[in-house]
Amino acid sequence: MLAGERHRKIVERVNSEGIVIVKDLAKAYGVTEDCIRKDLKILENKGLLTRIHGGATTNRENVHAYHAKDRREVHVEEKERIAAKAMTLLHDDLMIFLDISTSSYAIAQRIVQEHLRLTIVTNMVAILELLKDVPFVTLIFIGGMINHTNDGFTGSLTIDTLKKYRFDLAFVGVVGVDIANNQVMTYDMDDGLTKKQIMLSSAASYMLCEHEKFHQAGHFIYATIDDFTGLITDTLLSSQVEKALIAKDIDIV
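Below is a short write-up of the structure. A quick note: this is a predicted structure, and the numbers were derived from the prediction, not measured.

## What about the overall build of the chain?
Within the chain, the regular secondary structure consists of 10 helices and 17 strands. The C-alpha atoms of the chain give a radius of gyration of 20 Å, which matches the 18 Å a tight globule of 253 residues would have. With the C-alpha coordinates aligned to their principal axes, the bounding extent of the chain is approximately 65 × 30 × 30 Å. Evaluated residue by residue, the chain yields a buried proportion of 50% over its 253 residues. Considering only contacts in the chain between residues 6 or more positions apart, those separated by 24 or more positions represent 65%. Roughly 11,900 Å² of accessible area belongs to the chain as shown, and the carbon and sulfur atoms make up 51% of that amount. Computed over 29 positive and 35 negative side-chain charges, the separation of the two mean positions in the chain equals 6 Å.

## A look at the environment of Thr224
Inspection of the secondary structure assignment puts Thr224 in the loop between β15 (220-223) and β16 (230-232). Sequence-distant contacts of Thr224, defined by excluding residues within four places in its chain, comprise Asn182 and Val184. A polar atom in the side chain of Thr224 sits 2.7 Å from the side chain of Asp226.

## Points about the packing of aromatic side chains
To describe a pair of aromatic rings, one takes the distance between the centres and the angle between the planes. Under the definition given, this model contains four aromatic pairs. Ring geometry for Tyr222 versus Phe228: centroids 6.4 Å apart, planes at 75°, classification edge-to-face. Both residues of the pair, Tyr222 and Phe228, count as buried. Members of the aromatic cluster, each reached through a chain of ring pairs, are Phe97, Tyr165 and Phe167.

## As for the pairing of strand β13 (residues 205-208)
Side chains Ser205 and Met207 of β13 all project onto a buried face; the interleaved residues Tyr206 and Leu208 project onto the opposite face, where all are buried too. Both strand β10 (residues 169-173) and β13 contribute to a ladder of four bridges, which runs parallel. Pairing of Ala170 across the sheet is with Ser205, part of β13. Of the pairings in the sheet, the one linking β13 to β16 comprises three bridges and is parallel in character. Within the sheet, the bridge partner assigned to Met207 lies in β16 and is Leu231.

## Considering the sheet that holds strand β12 (residues 183-186)
Pairing in this open sheet of three strands is antiparallel, and the strands run β11-β12-β15 from one edge to the other. Two strands in the sheet have a free side with no partner beyond their single neighbour: β11 (176-178) and β15. Sheet twist, expressed as the average angle between the axes of neighbouring strands with direction ignored, equals 40°. Looking at chain direction, β12 and β15 are connected through three bridges and run antiparallel. When the bridges of β15 are listed, Val184 appears paired with Ala223. Docked against the sheet, helix α9 (residues 189-200) engages β12 and β15, running at close to 5° with respect to β15.

Conventions and cut-offs
- Residues numbered from 1 in each chain as written.
- Predicted model: local features only at pLDDT ≥ 70, side-chain atom pairs only at ≥ 80, totals over all residues.
- Heavy atoms only, no water.
- Helix = DSSP H or I, 4+ residues; strand = E, 2+ residues; numbered from the N terminus.
- Rg over C-alpha atoms; globule rule 2.2 N^0.38 Å.
- Buried < 20%, exposed > 50% of the residue type's maximum accessible area, 1.4 Å probe, protein only.
- Contact = heavy atoms within 4.5 Å.
- Areas by Shrake-Rupley, 256 points an atom, 1.4 Å probe, with all protein chains shown as cover.
- Lys, Arg positive; Asp, Glu negative; His and termini not counted.
- Charge placed at Lys NZ, Arg CZ, Asp CG, Glu CD.
- Polar contact = N/O pair within 3.5 Å; in protein donor to acceptor, adjacent residues only side chain to side chain.
- Phe/Tyr/Trp six-rings, centres within 6.5 Å; stacked < 30°, edge-to-face > 60°.
- Pairing = 2+ DSSP bridges.
- Axes fitted to C-alpha atoms, helices over the stretch in contact; angles between N-to-C directions.

Distances and angles like these do not, on their own, reveal function.
Have a look at this one:
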């Protein structure tokens, strides 16, 4: 295989899997590990990937905040799959937290469809509007300072109220997940600090993570991957990502 063809395949693989390992690439393409290291250096210099110890990871798109109402119309099928998987963790009489996330909104919709009798705590306005007249749900809304872009309440007042609760389970949204550096990101600090307190107030916490989030980055790191109990995603993960999550004792749903 010519070097140019090998480079193209390496870039395709890292973009697909999120992370690649030198020894695996060497075996796959029938070359030495030193050859692969040189390939990765060339590709990094071209801005096509980022080298890490023992391999490389995809370059991350630094996403920018846009309104939650608009995000609800994007990747609808993926969010519905995440919501369906989240339902396998739920049963009547739990107290759960639904964080500011369009995937959380999809879970709330599914709860209504399946008539689960839950106590639901949230800081997302759209979820409040959806559930406020649902008779079989006990709804608690957490206020604070409004974040108009995220359509919810975050910050110190919200955090102070969250400290008074203990949830059985929390579903927490993410903007980006960096497997290589063990980072979970969101848009801004207040949202991130609020998410962190939600996790601290919960017996178990699951990140809601469409597969594209493994290739994206936010502006604020609010947790490490192993701070979570588990991860709910919309498709099968690459073997490398799955191995990395299992090594961190993450329940993959």
